[in-house]
Amino acid sequence: MTASPLSRRTFLRGSALAAGAVAAGGALSACGSSGSGSGSGSGLAYWDWYVTQAPWVDGEISRFQKAHAGVTVKKTTQVSAKYADLVALAYRSGSTPDVFMVPQSPGLAEQVDRGWLLPLDQWATASWQSRFPAGTFIEGANVFGGKVYSAPLKGSAPQYQLYIHNGVFRTAGLTNPDGSVKTPTTWDEVSAAADAITRKSGGKTYGFGFGNGDNMGLMAWWLDLFVRGAGAPGGAPSGSGTGLDLRVGRWTYASDRSYADFLDLMVQWKQRGYFYPDSLSLSDEAARAFFERGRFGMTVGGVWNQPEWTQHRFTDYSLVTLPSPGATPKAFYYADPVGTGAFAAVSARTKHPQQAFQWVDALTSPAAGRRWVQDLNGVSVYPADNAPAGIDSKPFAAFVAMTAQELTGPVPVIRNPDLAGVAPQAPKSDIGDLVTGVYTGQIKDLQSALSSLAGEKEQLLSTAVAAVAKGGKKAAMTDYVFADWDPTRPYTTAKA
């Protein structure tokens, strides 16, 4: 999710210098501030991993500083793949930012337990909370022990889409009688489109392409997008990052044939020459540029691609989500308040707590949410911000409309807040590594590999649940089972 309108070389060089400064216990901001550890003036050190969204952040900083005389925000944009490690390292070295985007690991509950975060209740009053949609502040999601620790900006929408280069499709003759692009929505239609593009171009253009050279786990995106419509509601990362099939509370990589069926299809695509040959070594940034230039006709990604393409005046593309084996998806993406309920938090070590909260307040305000949408970054947590009025981009309007393809799903931590403390270790290699191994041909026994990974992840979760239970909390593996859940229908709050 680190699509960048900047030179990646310049960005990585700056981030490497910042990381070195952490290790040395030195300054960690784009402007050379030593952050909250120094207590210097009323400057706030702020960290995120936003690159394509950087113009939005910069605009919010400018507005905030004009409204709060004497307070400055000094931003550091870190490499997303290293962000969690850099935050942990900053706490160990005493050079924490005052405000930061919440890392995905460790979980928010563990960050609270470690004493990283400042409770916001002094300012996050009931009146302040009421500006957010009902159900925003949830015990076990962004509230712990009755105290608020974070607030959301982003709303929930289908995470991945299949992006289609309209010009490539037209050249391949993939059009309807009225001249519009024939958008594929089924696995067979996607395969047929890739075949037509590759064959009719004489090898100059490919059906598919991606960039996995940054080791972002991007291959899991393809699996997640295609298996959901086939009926696997856990997908790959899932709403809260687990991949569990919550109907049974297990990883069903081996028992749900959707996974093997898609991976077999992906291998066929590669064998037929549909993929851009250097996809594994391309950076994500280069892959976006190659798609923009028509080197391949389809790629998998998210809405974070759109701001950069818009800046380059490239808008001749379409997007679909949940391509399925049949005409109707059998599972969907599921809204997860745990995944969207945390955005920005305040360090417990800040020397400027009130100003830090004011910055969080500004970042998560309805006005900032409207600009978030208008800048094509994603949907806002505030439904009114997502109205079609003010959205001039046809592709982005299509993305916003996809929120209709996302349902309310079961969330274990809402049913049992004690699960917030469950923090399973990551497996040695996860589903993205498995997909890459299948793609390269290194994994020969697919069923065994799927079964082994599912078993390992289940054991890691079981161990983490047992650790929480041993500490006196009520936690069990059965808390992850919602036997009455129909993945084709919303799971109601009453059931959750």
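Computed from a predicted model, the values in this text were never measured in an experiment. (Residues numbered from 1 in each chain as written. Predicted model: local features only at pLDDT ≥ 70, side-chain atom pairs only at ≥ 80, totals over all residues. Heavy atoms only, no water.)

*Asks:* Teacher, can you tell me more about the overall build of the protein here?
*Replies:* Secondary structure assignment for the protein yields 18 helices and twelve strands. Evaluated residue by residue, the protein yields a buried proportion of 54% over its 496 residues. Counting only carbon and sulfur atoms, one obtains 51% of the accessible surface of the protein, whose full area is about 20300 Å². (Helix = DSSP H or I, 4+ residues; strand = E, 2+ residues; numbered from the N terminus. Buried < 20%, exposed > 50% of the residue type's maximum accessible area, 1.4 Å probe, protein only. Areas by Shrake-Rupley, 256 points an atom, 1.4 Å probe, with all protein chains shown as cover.)

*Asks:* I'm lost on the pairing of strand 1 (residues 43–48) in this one. Help?
*Replies:* Sheet faces and side chains relate simply in a regular strand, where the side chains alternate between the two faces. The buried count for strand 1 comes to six of six residues, which makes it a mostly enclosed element. With burial as the criterion, each face of strand 1 is covered, one bearing Gly43, Ala45 and Trp47 and the other bearing Leu44, Tyr46 and Asp48. Relative to strand 2 (residues 72–77), strand 1 runs parallel, the two sharing six bridges. In the sheet register, Gly43 faces strand 2, and the bridge partner there is Thr72. For the handedness criterion, the β-α-β arrangement of strand 1, helix 2 (residues 54–67) and strand 2 is classed as right-handed. Pairing of strand 1 with strand 3 (residues 99–101), which is carried by two bridges, proceeds in the parallel orientation. Within the sheet, the bridge partner assigned to Tyr46 lies in strand 3 and is Val99. (Pairing = 2+ DSSP bridges. Right-handed = clockwise from strand over helix to strand, strands pointing away.)

*Asks:* Even after reading the chapter, I still don't get the side chain of Asp245, so can you show me in this structure?
*Replies:* Relative to the elements of secondary structure, Asp245 occurs in the loop between helix 8 (219–229) and helix 9 (257–271). A polar atom in the side chain of Asp245 sits 2.8 Å from the side chain of Arg247. (Polar contact = N/O pair within 3.5 Å; in protein donor to acceptor, adjacent residues only side chain to side chain.)

*Asks:* Please clarify how helix 2 should be interpreted in this entry.
*Replies:* Owing to its 3.6 residues per turn, the α-helix aligns residues three or four sequence positions apart on the same side. Helix length check: helix 2, at 14 residues, gives a terminal C-alpha distance of 20 Å against a target of 20 Å (1.5 Å per residue), a fit within 8%. Looking only at helix 2, the buried set comprises Ala54, Trp56, Val57, Glu60, Ile61 and Phe64. One face of helix 2 carries all of its buried residues, which in axial projection span an arc of 155°. Buried positions along helix 2 lie against strand 1, strand 2, helix 13 (353–363) and helix 14 (366–374). (Expected span 1.5 Å × (residues − 1). Arc of directions from axis to C-beta. Contact = heavy atoms within 4.5 Å.)

*Asks:* For this particular structure, what's the right way to read the pattern of salt bridges?
*Replies:* Pairing is possible between side chains that carry opposite charge, provided their charged atoms lie close to one another. Considering all chains together, one arrives at 15 salt bridges under this definition. A salt bridge links Arg114 to Glu110, with the shortest nitrogen-to-oxygen separation between them at 2.6 Å. Across the pair Arg247 and Asp245 runs a salt bridge, and its minimum N-O distance is 2.8 Å. Exposure remark for Arg247: the relative accessible area of 28% places this residue in the partly exposed category. Residue Asp245 is classed as buried on the basis of its relative accessible area of 3%. (Salt bridge = Lys/Arg side-chain N within 4 Å of Asp/Glu carboxyl O.)

*Asks:* Hey, could you run me through the environment of Thr52 in this one?
*Replies:* Tracing the sequence through the fold places Thr52 in the loop between strand 1 and helix 2. For Thr52, a relative accessible area of 2% translates into the label buried. Between the C-alpha atom of Thr52 and that of Trp309, which follows or precedes it by 257 residues, the distance is 9.8 Å.

*Asks:* Honestly, the sheet that holds strand 1 in this entry has me stumped. Any pointers?
*Replies:* One open sheet holds the four strands; their spatial order is 2-1-3-11, and the pairing between them is mixed. Only two strands of the sheet have a single partner each, and these edge strands are strand 2 and strand 11 (344–346). For this sheet, the mean inter-axis angle between neighbouring strands, taken without regard to orientation, is 20°. Against the sheet, helix 2 touches strand 1 and strand 2, its axis set at about 165° to strand 2. (Axes fitted to C-alpha atoms, helices over the stretch in contact; angles between N-to-C directions.)

*Asks:* In this structure, what is going on with the sheet that holds strand 9 (residues 317–320)? I would like to understand it.
*Replies:* Hydrogen bonds along the backbone pair up the strands of a sheet, which may run parallel or antiparallel. Strand order in the open sheet formed by four strands is 7-8-6-9, and the pairing between neighbours is mixed. The open sheet has two free edges, formed respectively by strand 7 (206–208) and strand 9, since each of these has just one partner strand. Each neighbouring strand pair of the sheet contributes to a mean axis angle of 20°, computed without reference to strand direction. Summarising the sheet, strand 6 (residues 161–165) and strand 8 (residues 296–301) pair through four bridges and their orientation is antiparallel. Bridged to Gln161 within strand 8 is Gly301.

*Asks:* Quick question: what am I supposed to make of the confidence of the model for the protein here?
*Replies:* A low pLDDT score tells you not to read the predicted coordinates there in detail. Taken as a whole, the protein shows an average pLDDT of 87; of its residues, 89% reach a score of 70 or greater. Note on residues 1–41: pLDDT is under 50 here. Beyond four places in sequence and across chains, it has 86 contacts. (pLDDT = per-residue confidence, 0-100.)

*Asks:* What should I look at first to understand the packing of aromatic side chains in this one?
*Replies:* Note on aromatic pairs: each is described by the distance of the centres and the angle between the planes. Counted according to the given criterion, the structure contains 48 aromatic pairs. Here Phe314 and Tyr317 contribute two aromatic rings whose centre-to-centre distance is 5.3 Å and whose plane-to-plane angle is 35°, an arrangement assigned as tilted. The residues Phe314 and Tyr317 share a single accessibility class, namely buried. Put simply, the rings of Tyr163, Tyr206, Tyr276, Phe290, Phe291, Phe296, Trp309, Phe314 and Tyr317 pair up and form one aromatic cluster. The residue whose ring lies beneath Lys270 is Tyr439, and the NZ or CZ to ring-centre distance is 4.5 Å. (Phe/Tyr/Trp six-rings, centres within 6.5 Å; stacked < 30°, edge-to-face > 60°. Lys NZ or Arg CZ within 6 Å of the ring centre and 35° of its normal.)

*Asks:* So what exactly am I meant to see when it comes to the packing of helix 8 against helix 9 here?
*Replies:* Any two packed helices are characterised by how steeply their axes cross, that is the angle between the axes, and by the distance between the axes. Helix 9 packs onto helix 8 with a crossing angle of 120° between their chain directions and a minimal axis gap of 10 Å. The angle between the axes of helix 8 and helix 9 places the two elements in the oblique class. Of the two elements, helix 8 crosses helix 9, and the hand of that crossing is right-handed. Residues Met219, Trp222, Leu223, Phe226 and Val227 of helix 8 form the contact with helix 9, whose participating residues are Ser258, Tyr259, Phe262, Leu263, Met266 and Trp269. For the contact of helix 8 with helix 9, the residue count by class is ten nonpolar, one polar and no charged. (Parallel < 35°, antiparallel > 145°, perpendicular 65-115°, else oblique. Left-handed = near helix turned anticlockwise from the far one by under 90°. Nonpolar A, V, L, I, M, F, W, Y, C, P; charged D, E, K, R; others polar.)

*Asks:* What is the right way to read the environment of Gly421 from this model?
*Replies:* Tracing the sequence through the fold places Gly421 in the loop between helix 16 (412–415) and helix 17 (431–440). Classification of Gly421 by relative accessible area gives partly exposed; the value is 38%. Spatially, the C-alpha atom of Gly421 lies 8.8 Å from that of Leu108, the residues being 313 residues apart in sequence. Sequence-distant contacts of Gly421, that is, excluding residues within four places in its chain, are made with Ala109 and Val468.

*Asks:* What's the story with helix 3 (residues 83–93) in this structure? I'm lost.
*Replies:* Along helix 3, the residues classified as buried are Tyr83, Leu86, Val87, Ala88, Ala90 and Tyr91. Where helix 3 terminates, the next one or two residues include Gly94, which has phi positive at roughly 80°.

*Asks:* Mind showing me how you'd approach the side chain of Thr136 here?
*Replies:* Along the polypeptide, Thr136 turns up in the loop between helix 5 (126–129) and strand 4 (143–144). In terms of polar contacts, Thr136 uses its side chain to reach the backbone carbonyl oxygen of Pro133, at 2.6 Å. Among all residues touching Thr136, those that are not within four sequence positions of it are Asn142 and Pro152.

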